[in-house]
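As a plain string of letters, each chain reads:
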Amino acid sequence: DVKVTQSSRYLVKRTGEKVFLECVQDMDHENMFWYRQDPGLGLRLIYFSYDVKMKEKGDIPEGYSVSREKKERFSLILESASTNQTSMYLCASRAWDRDNSPLHFGNGTRLTVT
Amino acid sequence: DQQVKQNSPSLSVQEGRISILNCDYTNSMFDYFLWYKKYPAEGPTFLISISSIKDKNEDGRFTVFLNKSAKHLSLHIVPSQPGDSAVYFCAASANLDEKLTFGTGTRLTIIP
């Protein structure tokens, strides 16, 4: 079974802090993703990566950056946290293949910015 | 611009009856569609998918129907069970694109 592990289930940070959300997958997947989930808005893609040191902007990248130094690890960085970044953050991974393998998600990190 | 829409935020269904969840999309380039199920405090889990070359795909109690001309897909669950109570997201991708676009979700409640 694919395991995607997010390092924290709950985080509380102050406005202006730099925040790191970590994600590790154990299935040697090429592709990794960061989504945020908000009521009434569903899951929105922040950034994704299809290889080490590669990154692509998703639909809402503003205020975020990412790092992928190793294949199994994908970090989301909030450079200066703001209250509108309070959300549930979901990391996912998938193998690159032609059969559209599904995304495998971690259990999420609920971030509160005060 | 919401390219994938789930217009019903919530749905309640009696146990044993059929649950029908709907999803509409606007991007005609989408050619692969998926449904995910999410319990509270857990990440979404993959449920079922369908390629645009098909109009129906079944997996046990779950069937997904695709109407390309209407840009509409639906998920049928029959019979519905209490464990089906969750939030359901539909998602779509285009031409083996790496990213999925998700809908806003429908909270399904199965009433015992």
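Look up a bit, the structure's there.
Residues numbered from 1 in each chain as written. Chains lettered and ligands numbered in written order. Predicted model: local features only at pLDDT ≥ 70, side-chain atom pairs only at ≥ 80, totals over all residues. Heavy atoms only, no water.

Draft legend 1. Seen up close, the overall build of chain A. Helix and strand counts for chain A stand at zero helices and twelve strands. Of the regular secondary structure in chain A, the N- to C-terminal order runs β-β-β-β-β-β-β-β-β-β-β-β. In terms of overall dimensions, chain A is globule-like: its C-alpha atoms have a radius of gyration of 13 Å, near the 13 Å expected for 114 residues. A principal-axis box enclosing the C-alpha atoms of chain A has dimensions of 40 × 30 × 25 Å. Within the span of chain A, comprising 114 residues, buried residues form 48% of the whole. The long-range fraction of contacts in chain A, counting pairs at least 24 apart against all pairs at least 6 apart in sequence, stands at 55%. Accessible area of chain A: about 5,700 Å², with a carbon and sulfur share of 48%. Of note, chain A has its 17 positive side-chain charges centred 6 Å away from the centre of its 16 negative side-chain charges. (Helix = DSSP H or I, 4+ residues; strand = E, 2+ residues; numbered from the N terminus. Rg over C-alpha atoms; globule rule 2.2 N^0.38 Å. Buried < 20%, exposed > 50% of the residue type's maximum accessible area, 1.4 Å probe, protein only. Contact = heavy atoms within 4.5 Å. Areas by Shrake-Rupley, 256 points an atom, 1.4 Å probe, with all protein chains shown as cover. Lys, Arg positive; Asp, Glu negative; His and termini not counted. Charge placed at Lys NZ, Arg CZ, Asp CG, Glu CD.)

Draft legend 2. Inspection of the pattern of salt bridges at higher detail. Counted under the stated rule, the structure contains nine salt bridges over all chains. A salt bridge links E58 of chain B to K56 of chain B; the nearest nitrogen and oxygen atoms lie 3.7 Å apart. Overall, E58 of chain B belongs to the exposed group, its relative accessible area being 52%. Its salt-bridge partner being R61 of chain B, residue D84 of chain B comes within 2.8 Å of it at the nearest N-O pair. With D84 of chain B in the loop between β8 (72-77) and β9 (86-94) and R61 of chain B in the loop between β6 (56-59) and β7 (62-67), the pair connects residues that are 23 residues apart, well separated along the chain. When salt bridges that share partners are traced, they join D28, E30 and K71 of chain A into one network. (Salt bridge = Lys/Arg side-chain N within 4 Å of Asp/Glu carboxyl O.)

Draft legend 3. Inspection of the interface of chain B and chain A at higher detail. With 19 residues of chain B in contact, the opposing surface of chain A contributes 24 residues. Buried surface at the junction of chain B and chain A, both sides included, amounts to about 1,900 Å², of which 56% is carbon and sulfur. Where chain B meets chain A, there are one salt bridge. A salt bridge links D59 of chain A to K99 of chain B; its shortest N-O distance comes to 3.7 Å. Inspection of the chain B/chain A interface yields five residue pairs in polar contact (both at pLDDT 80 or more). Only β4 (30-38) and β9 of chain B provide two or more residues apiece to the side of chain B that touches chain A. Looking at the side of chain B that touches chain A, the element that brings in the most residues is β4 of chain B, giving four residues. When its residues are assigned to classes, the side of chain B that touches chain A shows ten nonpolar, four polar and five charged. (Buried area = accessible area lost by both parts, 1.4 Å probe. Polar contact = N/O pair within 3.5 Å; in protein donor to acceptor, adjacent residues only side chain to side chain. Nonpolar A, V, L, I, M, F, W, Y, C, P; charged D, E, K, R; others polar.)

Draft legend 4. Highlighting the pairing of β8 of chain B. Residue and element names in this part refer to chain B. The element β8 is largely enclosed, with a buried count of five among its six residues. Sheet topology note: the strand β3 (residues 19-25)/β8 ladder contains six bridges and is antiparallel. The partner of S19 across the bridge, within β8, is I77. In the sheet, β7 pairs with β8 via six bridges, with the strands oriented antiparallel. (Pairing = 2+ DSSP bridges.)

Draft legend 5. Highlighting the side chain of R68 of chain A. All names here are of chain A. Mapping R68 onto the fold places it in strand β8 (residues 64-70). A polar atom in the side chain of R68 sits 3.0 Å from the side chain of S49. When neighbours within four sequence positions are excluded, R68 is seen to be in contact with Q25, H29, E30, N31, M32, S49, Y50, D51, V52, K53, R73 and F74.

Draft legend 6. Geometry of unusual backbone geometry. All names here are of chain B. Note the cis peptide between V78 and P79, where omega equals -10 degrees. Positionally, P79 belongs in the loop between β8 and β9. The backbone phi angle of A41 is positive, close to 65 degrees, even though this residue is not glycine. In this structure, A41 sits in the loop between β4 and β5 (45-51). For A41, a relative accessible area of 40% translates into the label partly exposed. For K71, which is not glycine, the phi dihedral falls at a positive 50 degrees. Positionally, K71 belongs in the loop between β7 and β8.

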